[in-house]
Amino acid sequence: MIELVNVKKVFNAGRPSEYSALNGISLNIEENKVTVLTGPSGSGKTTLLSIIGCMSRPTAGRVKMRGREITSLPERFLTDVRRKSFGFIFQQHNLINGITALENVMLPAYPLGERRSALKERATRYLGQLNLQDKASSQIEWLSGGEAQRVGIVRALINNPATIIADEPTAHLDTKLSHRFMEIVENFKAEGRTVLITSHDPLVYKSSTVDRVIKLRDGQIEE
Amino acid sequence: MLLLHPGVIANLLASLIIAVMMLYSAFYGVQILRHWDIESGSELQLVLERKTYLVSTVLSYVFALQLLSLFMYVFTADNLHPLFVGAMCAAGTLNLNAFGYPTLLLKMFNFILAGVWLILNHADNQGYDYPLIKKKYALLAVVAPLILIEALLEFAYFLGLRADVITSCCGSLFSSEQGDGLGSDLAALPPGPMIWFFYGTVFVTLASGLYYYLRGKGGYFYSFASMVFFLTSIVSIISFISLYIYELPTHHCPFCIVMSEYDYIGYLLYIALFIAAVAGVGIATLIPLRGIESLREVIPGLTRKLTMTSLVLFFGFASVVTYRIAASNLIM
C-alpha cells in the first residue's frame with residue numbers, strides 16, 4: 001500500500017510567483033487496484049503523481065510505500081526505489097528518437113547491469129505481448145502514435161515494477177486505442193500490479209477496470 | 001612584502017575559504033542538531049533533509065582542503081626560509097613569531113579530526129535513514145571552532161612575519177646537546193632504545209592490524225596501536241630517523257627532510273603517516289556504530305578498507321624508513 005500523509009507541494013516558495021499545488025493530501029492507495037486521479041487542469045494531479053513516483057519531493061508531508069517511508073530517502077536510494085518499484089507511462093511518450101523501439105525499451109534496465117542477452121530476450125517478449133514484435137527494430141520516429149504509446153508501456157514494464165504510473169495516457173489516443181489501453185491496464189491488474197492513472201478522460205475514469213476514482217481540485221481531495 | 005608571496009597568498013586564501021565555508025556549514029549544522037526529526041514530515045524537516053546534501057558536499061571539499069593545507073603550510077614555511085636570517089628550513093621560519101608552531105600543531109590535530117569527519121560522512125551516506133547525521137554535526141560543532149582558531153592563528157602568523165627578526169635554526173631548535181624545549185627533549189632521546197621501541201611498535205601495530213583484518217577481532221586495540229605508531233613515528237623521526245637521512249649524528253630536524261636535497265622524502269613519510277593515523281582512528285570511530293540497523297552491513301566493509309589502507313601505509317612508512325637506515329652512510 002502507498003500511504004500519503006499531509007502532503008504539500010509549493011512551487012517558487014517565498015517568491016511573488018509562489019504557487020501551492022498540493023494542500024495537505026492524505027491518502028491510501030491500495031495494492032493490486034486501479035486508481036484514477038481526476039480533476040480539472042491545475043488541480044495537482046500530475047504533481048501528486050510525480051511525488052508518489054519519487055520524481056519530486058514534497059514541501060511537507062510523508063509518503064510511505066509498504067510501510068517504508070520514502071520521502072526522506074537520500075537521492076541514490078530514491079533512484080533505486082524509482083527504478084525498481086515504478087514504471088512510468090507518459091502523455092508525450094518521451095521515447096528517444098534515432099534509436100530503435102527495442103533499444104528504447106531496454107534503456108531503463110541498463111543501470112541495473114543485467115546481461116544484455118537476457119534483457120533483450122525479455123524486451124522482445126514484452127514487445128510481442130503488445131503485438132509490436134515486427135516493430136522492434138524500427139526507429140521511434142517511424143512508429144504511429146498508438147505504436148509509440150505501446151512501446152512506452154513496454155518500456156515501463158521492463159524492470160518488472162509493482163506499480164505502473166500513467167500520466168494522461170489517453171490524451172493523444174483515439175477511442176479505439178484508448179479502449180485498447182484500458183485492456184492493457186486490465187492485464188496489469190490481473191498480473192497483480194498496482195496502477196495509478198491521472199486522467200480527465202471519462203473513457204478512463206468510468207471504465208469498469210477502475211477500482212477507485214479520486215477527484216482533486218485546487219490541490220485537495222474532493223472525494 | 002611577504003603578503004605577496006604566492007605561498008602565503010595560497011595559505012591565507014585556503015584558510016579564509018575553509019573558515020567562511022565552515023561558518024556557513026556550522027550555521028546549518030546547528031539547525032540540524034536542534035531541529036532534526038526524521039519522523040516528522042514538517043516543512044522544516046524536509047528543508048533540512050535537502051540542505052544536508054549541500055552542507056555535506058561543501059564540508060567534504062572544505063575538509064579535503066583542510067587536509068591539504070597542512071602540507072601546504074609546511075611547504076610554504078620551508079619555501080620562505082631564505083628570506084629570514086637564521087632560518088635554515090621550515091623549523092626556523094615557524095619560530096619567527098609566537099603563532100607559527102601553535103598553527104602547525106592545531107593543523108595536525110584538525111587534520112585527524114577532519115579525516116574522521118570525512119569517514120563519518122562517508123558512512124552516513126551509505127545509510128538510507130541519515131543514521132549518523134547528529135553525530136557528524138556534533139563532531140562538526142567541535143571541529144568548527146578549532147578550525148576558526150586555526151585560521152586566526154594562521155593569519156596572525158603570516159601577517160606577523162617580520163624580515164628583520166633573527167630566528168633560530170633547526171640545529172638549535174632540535175638539538176640533543178644544547179637548548180631546551182620539546183624539540184630538544186625529543187632530540188635527546190637515546191637513538192638505540194628508540195630504534196627498538198620503534199620497531200616494536202611497528203611489529204605490534206602490523207600484527208594487530210593483520211589479526212583484526214583477518215579475524216575481525218581487536219579493532220579497538222589496533223586503532224589504539226595506530227595512534228601509538230603515529231606518535232612513536234613522529235618522535236622517532238626527530239630522535240633517530242632524521243640522523244640516518246641526513247647522515248649526520250647531530251642533526252635531528254623533522255623539517256629538513258621535506259627539502260629537495262633529501263628528495264622530498266619527508267612529504268612521503270608524513271603523508272603516509274597522517275593518512276594511516278586517520279584511517280586507524282576511523283576504525284575505533286566506526287566500530288561502535290555497527291549496531292545501527294541501516295549500517296549493519298556497511299560498517300564491517302568500511303572498517304576492513306580502513307584497516308587495509310592504514311596497514312599498507314604503515315608498512316610503506318616502516319619500509320621506507322628501514323631502507324633509508326640500511327642505505328645510509330651513517331654508522332652509529
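By convention here, each chain's residues receive numbers from 1 onward along its written sequence. As they are written, the chains are lettered A onward and the ligands numbered 1 onward, keeping that order. Local features in a predicted model are, by the rule used here, given only for residues with pLDDT of at least 70; side-chain atom pairs are given and counted only at 80 or more, and totals for whole chains, interfaces and linings are based on all residues.

Enquirer: Summarise the overall build of chain A; cite the residues concerned and give the values.
Expert: Every helix listed is a DSSP run of H or I at least four residues long, and every strand listed is a run of E at least two residues long, numbered separately from the N terminus. Scanning chain A from N- to C-terminus turns up seven helices and ten strands. Its C-alpha radius of gyration of 18 Å places chain A within 12% of the 17 Å reference for a compact globule of 223 residues. In terms of principal-axis extent, the alpha carbons of chain A reach across some 50 × 40 × 35 Å. Any residue with 12 or fewer other C-beta atoms within 10 Å of its own C-beta is exposed, any with 20 or more is buried, and the rest are partly exposed; the C-beta atoms used are placed from the backbone. Scored against the burial criterion, the 223 residues of chain A give a buried share of 41%. In this description, any two residues whose backbone-derived C-beta atoms lie within 7 Å of each other are considered to be in contact. The long-range fraction of contacts in chain A, counting pairs at least 24 apart against all pairs at least 6 apart in sequence, stands at 71%. Only C-alpha atoms enter the radius of gyration; for comparison, a globular chain is expected to reach 2.2 Å times N to the power 0.38, where N is the number of residues.

Enquirer: Would you mind going over the overall build of chain B in detail, with residue names and values included?
Expert: Scanning chain B from N- to C-terminus turns up eleven helices and zero strands. When the helices and strands of chain B are read in sequence order from the N terminus, they spell out α-α-α-α-α-α-α-α-α-α-α. Computed over the C-alpha atoms, the radius of gyration of chain B is 22 Å, within 12% of the 20 Å expected from 2.2 N^0.38 for a compact globule of 332 residues. Here the C-alpha coordinates of chain B stretch approximately 65 × 55 × 30 Å along the principal axes. Expressed as a percentage of the 332 residues in chain B, the buried residues total 42%. Contacts in chain B between residues far apart in sequence, at least 24 positions, make up 74% of those at least 6 positions apart.

Enquirer: How would you sum up the pairing of strand 1 (residues 2-11) of chain A? Please name residues and give values.
Expert: Residues and elements named next belong to chain A. Pairing between two strands requires that DSSP report at least two bridges joining them. Pairing between strand 1 and strand 2 (residues 19-29): eight bridges, direction antiparallel. The partner of Leu4 across the bridge, within strand 2, is Leu27. In the sheet, strand 1 pairs with strand 4 (residues 60-65) via five bridges, with the strands oriented antiparallel. Opposite Lys8, over in strand 4, you have Ala60 as the bridge partner.

Enquirer: Report on the pairing of strand 9 (residues 212-217) of chain A, specifying residues and quantitative values.
Expert: Residue and element names in this part refer to chain A. Examined bridge by bridge, strand 3 (residues 34-38) and strand 9 share four bridges and lie parallel to one another. Bridge pairing in strand 9 places Leu37 opposite Ile214. As defined by bridge partners, strand 9 adjoins strand 10 (residues 220-221) across two bridges and the pair is classed as antiparallel. Its bridge partner lying in strand 10, Arg217 is registered against Gln220. What sits between strand 9 and strand 10 in their antiparallel hairpin is a turn of two residues, with Asp218 showing a positive phi close to 50°.

Enquirer: I'd love a proper account of the sheet that holds strand 1 of chain A, names of residues and values included.
Expert: Sheet architecture is open: four strands sit in the order 2-1-4-5 (chain A), paired in antiparallel fashion. Where the open sheet ends on each side, the last strands, each with one partner, are strand 2 and strand 5 (68-69) of chain A.

Enquirer: Go over the sheet that holds strand 7 (residues 163-167) of chain A, please, and point to the residues and values.
Expert: Residues and elements named next belong to chain A. The six strands lie next to each other as 6-7-8-3-9-10, forming an open sheet whose pairing is mixed. The two strands at the open ends of the sheet, each matched to only one other strand, are strand 6 (86-89) and strand 10. Where strand 3 meets strand 8 (residues 194-198), four bridges bridge the pair, whose relative direction is parallel. Looking across to strand 8, one finds that Thr35 is bridged to Leu196. The sheet contacts of helix 1 (residues 45-52) involve strand 3, strand 7, strand 8 and strand 9, and relative to strand 8 the element is tilted by about 150°. Axis definition: a line fit to C-alpha positions, over the contact stretch in the case of helices; interaxial angles, taken between N-to-C directions, run 0 to 180 degrees. Contacts between helix 5 (residues 145-157) and the sheet are confined to strand 6 and strand 7, with strand 6 contributing the most and set at about 170° to the helix.

Enquirer: Hey, could you go over the interface of chain A and chain B for me, with residue numbers and the actual values?
Expert: Between chain A and chain B, the contact holds twelve residues from the first and eight residues from the second. Elements supplying a minimum of two residues to the side of chain A that touches chain B: strand 1 and strand 4 of chain A. It is strand 4 of chain A that contributes the most residues to the side of chain A that touches chain B, three residues altogether. Three classes are used, and their members are as follows: Ala, Val, Leu, Ile, Met, Phe, Trp, Tyr, Cys and Pro are nonpolar, Asp, Glu, Lys and Arg are charged, and the others, Gly among them, are polar. Tallied by class, residues from the side of chain A that touches chain B come to six nonpolar, four polar and two charged.

Enquirer: A description of the environment of B:Ile9 should follow, citing residues and the corresponding values.
Expert: All names here are of chain B. Relative to the helices and strands, Ile9 is located in helix 1 (residues 6-35). We classify Ile9 as partly exposed; it has 14 C-beta atoms within 10 Å. Along the chain, Ile9 and Phe158 lie 149 residues apart, while their C-alpha atoms are 9.5 Å from each other.

Enquirer: Before we move on, could you go through unusual backbone geometry and cite the residues and values that matter?
Expert: For residues that are not glycine, phi is negative in most cases, and the peptide bond is trans in most cases. Residue and element names in this part refer to chain A. The phi dihedral of Asn131 is positive, around 55°, even though this residue is not glycine. Relative to the assigned elements, Asn131 resides in the loop between helix 4 (116-129) and helix 5. You can call Asn131 exposed: it has 11 C-beta atoms within 10 Å. Even without being glycine, Asp218 reaches a positive phi, approximately 50°. Along the chain, Asp218 falls in the loop between strand 9 and strand 10.

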